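Analysis of the macromolecular model
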Amino acid sequence: MKATINDVAKLSGVSIKTVSRVMNKEPSVRQLTREKVQAAVKELNYQPNLAARNLAGTKSFTIAYVYDNPNAYYVIDMQEGILSACRQQGFELLINPCDSQKENITEDIIDTIKHARVAGLVLTPPFSERPEFVKQILAQDIKVVRIMSGDVAPDELSPCVMVNDRDAAQTITQHLIDLGHTKIGFIAGGAAHMSTIERYKGYRRALKANNIAFNHNLIIEGEYSFESGVNGAKKLIAEKVTTENRPTAIFSCNDEIAAGALFAARLMNINIPEQLAIAGFENSPFSRQTWPKLTTADQPNKQIAHDAASLLISQIRKQKGKSETSQYVPQLMVRDSTGRHS
């Protein structure tokens, strides 16, 4: 017969409640007791029913990742990072892709998390950047941790994991300037994303720090997509563009855009990096699948997601001592797509 929690309690000589605490990986159990219960679990090959566990008590052991992001690599990294934290701490993960522009999207999400008895949400842009949305989720007595672009949390609504895109973008632009480039194009991501705004600010800050005049003709509005990179690069380096407005380097708001820009340059028989340097952002697989490989900023999305989920679970368990805000600064990774301007 399949072992039960009663069997584990009897074999380890503790109460059912203590076994439950060990299985839920709660920190308030002495190490010796934890080891006795874990030995009994292993000996009996006990497999807890996680769904039944959620139904049996008042506590929920499920968190959700709610997102609207077309970048599959980013989403996969987020999922893997959150899942790793859930597995370590005995929680389940509900993955909920959404259309953030859909009418009544907030009500739809609230219905989903209520039905699934979700205890908390990890939010990434654009949901994490909507304070009214966050307030409505918090009003349901649901914990929230947000992953956001910036160096400090914009408010005290919920804990945050911040990504300092501005400093990282300044470092990338400075790298291009150090290589002798002064006409640096900028292909933006979606205007609604704070990451786009912060990376643009970093780009502008580097120009100003080096007394390089800002040229609005070198700025291309776009989206976080390969096609946006292709179209943006074509606009920047087309034959009709004057020499004054034609860049010798392009900083793209992410690697997917940069890969598109590199593809466009190839179509126009422009050598990379000899005639045009191209840099991206995030260190996604796009940056390693192009030729030449892309200079970029390493954004550790799996670790960011893991930290966000760990912070969320500590909030759900009401653990003390965990900082409610942490910050990552993506680090410059120099590869073959950027070279010295001759």
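Nothing here was measured: the structure is a model prediction, and the numbers come from that model. (Residues numbered from 1 in each chain as written. Predicted model: local features only at pLDDT ≥ 70, side-chain atom pairs only at ≥ 80, totals over all residues. Heavy atoms only, no water.)

Right, let's talk about the sheet that holds strand 8 (residues 249–252) for a bit. Overall, parallel pairing links the 4 strands, which are arranged 7-6-8-9 in an open sheet. The open sheet has two edge strands with one neighbour each: strand 7 (219–220) and strand 9 (277–279). In terms of strand pairing, strand 8 meets strand 9 through 3 bridges, oriented parallel. Along strand 9, the bridge assignment pairs alanine 249 with alanine 277. On top of the sheet, helix 8 (residues 165–178) reaches strand 6 (184–187), strand 8 and strand 9; it is set at about 170° to strand 8, its chief contact. Contacts from helix 9 (residues 194–209) reach strand 6, strand 7 and strand 8, with the element oriented near 170° to strand 6. (Pairing = 2+ DSSP bridges. Helix = DSSP H or I, 4+ residues; strand = E, 2+ residues; numbered from the N terminus. Contact = heavy atoms within 4.5 Å. Axes fitted to C-alpha atoms, helices over the stretch in contact; angles between N-to-C directions.)

Opposite charge on two side chains allows them to pair when their charged atoms are near. On inspection of all chains with the given rule, the structure shows 9 salt bridges. Among the ionic pairs, lysine 302 bridges to glutamate 80, the shortest N-O distance being 2.8 Å. Taken as a pair, lysine 302 in helix 13 (residues 301–316) and glutamate 80 in helix 5 (residues 72–89) lie far apart in primary sequence, 222 residues in all. Classification of lysine 302 by relative accessible area gives partly exposed; the value is 43%. (Salt bridge = Lys/Arg side-chain N within 4 Å of Asp/Glu carboxyl O. Buried < 20%, exposed > 50% of the residue type's maximum accessible area, 1.4 Å probe, protein only.)

It is worth spelling out the packing of helix 5 against helix 13 at this point. Closest axis-to-axis distance for the helix 5/helix 13 pair is 7 Å, and the angle between their directions is 40°. The angle between the axes of helix 5 and helix 13 places the two elements in the oblique class. Here the hand of the crossing between helix 5 and helix 13 comes out right-handed. In this structure, helix 5 contributes Tyr74, Asp77, Met78, Glu80, Gly81, Ile82, Ser84, Ala85, Cys86, Gln88 and Gln89 to the contact, and helix 13 contributes Asn301, Lys302, Ile304, Ala305, His306, Ala309, Ser310 and Ile313. Its residues assigned to classes, the contact of helix 5 with helix 13 shows 9 nonpolar, 7 polar and 3 charged. (Parallel < 35°, antiparallel > 145°, perpendicular 65-115°, else oblique. Left-handed = near helix turned anticlockwise from the far one by under 90°. Nonpolar A, V, L, I, M, F, W, Y, C, P; charged D, E, K, R; others polar.)

Turning our eyes to something else, we now look at unusual backbone geometry. With an omega of 5°, the peptide bond running from proline 125 to proline 126 counts as cis. As for its placement among the helices and strands, proline 126 is situated in the loop between strand 3 (120–123) and helix 7 (131–138). Cis geometry marks the peptide bond from tryptophan 291 to proline 292, where omega comes out at 0°. Following the sequence through the fold, proline 292 ends up in the loop between helix 12 (285–289) and strand 10 (296–298). Phi angles above zero are rare outside glycine, and asparagine 104 is one such case at about 65°. Position of asparagine 104 among the secondary structure elements: in the loop between strand 2 (92–97) and helix 6 (105–115).

Turning to the side chain of histidine 175, a few remarks are in order. Here histidine 175 shows up in helix 8. Histidine 175 gets classed as buried once you look at its relative accessible area, which sits at 12%. With residues near it in sequence (within four places) discarded, histidine 175 still touches Thr295, Leu332, Val334 and Thr338.

This part is about the sheet that holds strand 5 (residues 160–163). Strands sit in the order 2-1-3-4-5-11 across an open sheet of 6 strands; the sheet is parallel. Edge positions in the sheet fall to strand 2 and strand 11 (325–328), since each of these pairs with one other strand and no more. The mean inter-strand angle of the sheet, taken between neighbouring strand axes irrespective of direction, is 15°. In this structure, strand 1 (residues 62–67) lies alongside strand 3, joined through 4 bridges in parallel fashion. Bridged to alanine 64 within strand 3 is leucine 121.

Tallied over the entire structure, the rule returns 9 aromatic pairs. When the centroid spacing of 4.7 Å and the interplanar angle of 25° are considered together, the rings of tyrosine 65 and tyrosine 67 count as stacked. Taken as a pair, tyrosine 65 and tyrosine 67 share a single burial class, namely buried. Put simply, the rings of Phe186, Tyr200, Tyr203 and Phe251 pair up and form one aromatic cluster. In this arrangement the basic side chain of arginine 130 is found over the ring face of phenylalanine 127, its NZ or CZ atom lying 5.6 Å from the centre. Across the ring face of phenylalanine 214, the terminal group of arginine 204 is positioned such that the distance to the ring centre comes to 3.7 Å. (Phe/Tyr/Trp six-rings, centres within 6.5 Å; stacked < 30°, edge-to-face > 60°. Lys NZ or Arg CZ within 6 Å of the ring centre and 35° of its normal.)

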